Each structure stands twice: as structure tokens, then as C-alpha cells.
Amino acid sequence: MRALSTSRARVPMKEADVGRPCQPSEDWAIERALRILESRATTVGELLSDPQTCGHFFRLRLGEEVREHFEVAFLDNQHRLIAAERLFSGSIQATEVHPRVVVQRALALNAAAVLLAHNHPSGQAEPSTADRAITTRLREALALIDVRVLDHFVVTAQQSVSMATRGLI
């Protein structure tokens, strides 16, 4: 599974977990869920064609983070997962996203399409004006190299919002 299994080998301890007893059963369950989703992602048409399942996938990866992170799932022509990578990390309320880095990774991985995702540690999954603007910038930059942006997910621990489902892409 190329970069997916290496990009998040363990569930990291978060700042909010300091002082909380370790929950190895939770870590095991999250790791198991990610492995199941990863195996489905490599099967044509299963994981990465359904916005609800994609939202769950990114919620598992990003939902509990205490800082904002931006990830990209790089897909082949049949929308099978090539790699899912965390490309940018920021503060508790923002992260700076550089389109050229996303374009470079898409070219390096020979991706035909991408799914974008980032978390809102505030717990509000509504896409902001800044979220819409970076989605537009990324869509335009990636279009120059014939890579399609299929969706952008904004996730929290409790929910995920698909911008494509809302007509924002």
C-alpha cells in the first residue's frame, strides 16, 4: 500500500491526551479501521467513489487532531488510491497550503485525480471562504497538468463535509 501505510504507521498521541491514561484498545481499533479502508481503497470502485466512505476515511485520519492538517489522496485513472499523504500542518485554526507542492506530488506519483481533505479542530465542519478559495486555486493549478480534483472534505471528530456534494467544486 505504498505511502498510505507508511504515512501514518501509528496513531500519534495528541496534546489533549496528556494526562489521560493510554487507550491501547482505541489505538488498535483505529489502526485496524485504517487497514480495512486501505485494503478497500485499492479495489476498483469501492472506497474512493463514495463521498460518505471517503469522509469516514479522512475522519479517521484527521478528526481527532488538535492542529489543522491538510492531506491529499492521489488516485489513478480508475480512482484507486496511489497514496494518501499529509502535506501541510498548521496551527489550531489554519494551515498554509502551497499549490506547487500538491502539483509536484501529483506529478511524482503520476496521479490522474485527487481528493483533498483537512480538519477543523474547532469542531465546525462548515467550509470557510478560505477553504473554498484554496480549493479553487488547487483545482486550477492541477487542471494545468490534467489532474482532476474530485472532492475536498472538511472533517471534525464527529462529521465530514463533502464540498462536491454541496456543489462547491
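Residues numbered from 1 in each chain as written. Predicted model: local features only at pLDDT ≥ 70, side-chain atom pairs only at ≥ 80, totals over all residues. Heavy atoms only, no water.

**Observations regarding the overall build of the protein**
Scanning the protein from N- to C-terminus turns up five helices and five strands. Along its sequence from the N terminus, the protein presents helices and strands in the succession α-α-α-β-β-α-β-α-β-β. The buried share of the protein, taken over its 169 residues, is 43%. Total accessible area on the protein stands at roughly 9000 Å², and carbon and sulfur atoms take up 50% of it. (Helix = DSSP H or I, 4+ residues; strand = E, 2+ residues; numbered from the N terminus. Buried < 20%, exposed > 50% of the residue type's maximum accessible area, 1.4 Å probe, protein only. Areas by Shrake-Rupley, 256 points an atom, 1.4 Å probe, with all protein chains shown as cover.)

**Considerations on the side chain of Thr156**
Inspection of the secondary structure puts Thr156 in the loop between β4 (148-155) and β5 (160-162). The contact partners of Thr156, leaving out residues within four places of it in the chain, are Arg59, Gly63, His120, Gly123, Gln124 and Ala125. (Contact = heavy atoms within 4.5 Å.)

**Here we look at the sheet that holds strand β2 (residues 81-89)**
Strand-to-strand pairing in sheets goes through backbone hydrogen bonds, with the strands running parallel or antiparallel. Here five strands make up an open sheet; going across it, the order is β2-β1-β3-β4-β5 and the pairing mixed. On the outer flanks of this sheet lie β2 and β5, each paired with one strand and no other. Across the sheet, the axes of successive neighbouring strands diverge by a mean angle of 20 degrees, strand direction being ignored. Inspection of the sheet shows strand β1 (residues 69-75) paired to strand β3 (residues 113-119) by six bridges, in the antiparallel sense. When the sheet's bridge partners are listed, Leu75 is paired in β3 with Ala113. With respect to the sheet, helix α4 (residues 99-108) is in contact with β1 and β2, its orientation differing from that of β2 by roughly 160 degrees. In the packing of helix α5 (residues 129-143) onto the sheet, the strands contacted are β1, β3 and β4, and the crossing angle to β4 comes to about 160 degrees. (Pairing = 2+ DSSP bridges. Axes fitted to C-alpha atoms, helices over the stretch in contact; angles between N-to-C directions.)

**Topic: the pattern of salt bridges**
Enumeration over the complete set of coordinates arrives at six salt bridges. Taking the shortest distance from any N to any O, the salt bridge between Arg86 and Glu65 comes out at 3.6 Å. Separated by 21 residues along the polypeptide, Arg86 in strand β2 and Glu65 in the loop between α3 (51-62) and β1 bring together distant segments of the chain. Overall, the relative accessible area of 30% leaves Arg86 in the partly exposed class. Taking relative accessible area as the criterion, Glu65 reaches 10% and is therefore assigned buried. Ionic pairing is found between Asp76 and Arg80, a salt bridge with its closest N-O pair at 2.8 Å. Residue class for Arg80 comes out partly exposed when judged on its relative accessible area of 28%. Through salt bridges with shared partners, a single network forms among Arg61, Glu65, Glu71 and Arg86. (Salt bridge = Lys/Arg side-chain N within 4 Å of Asp/Glu carboxyl O.)

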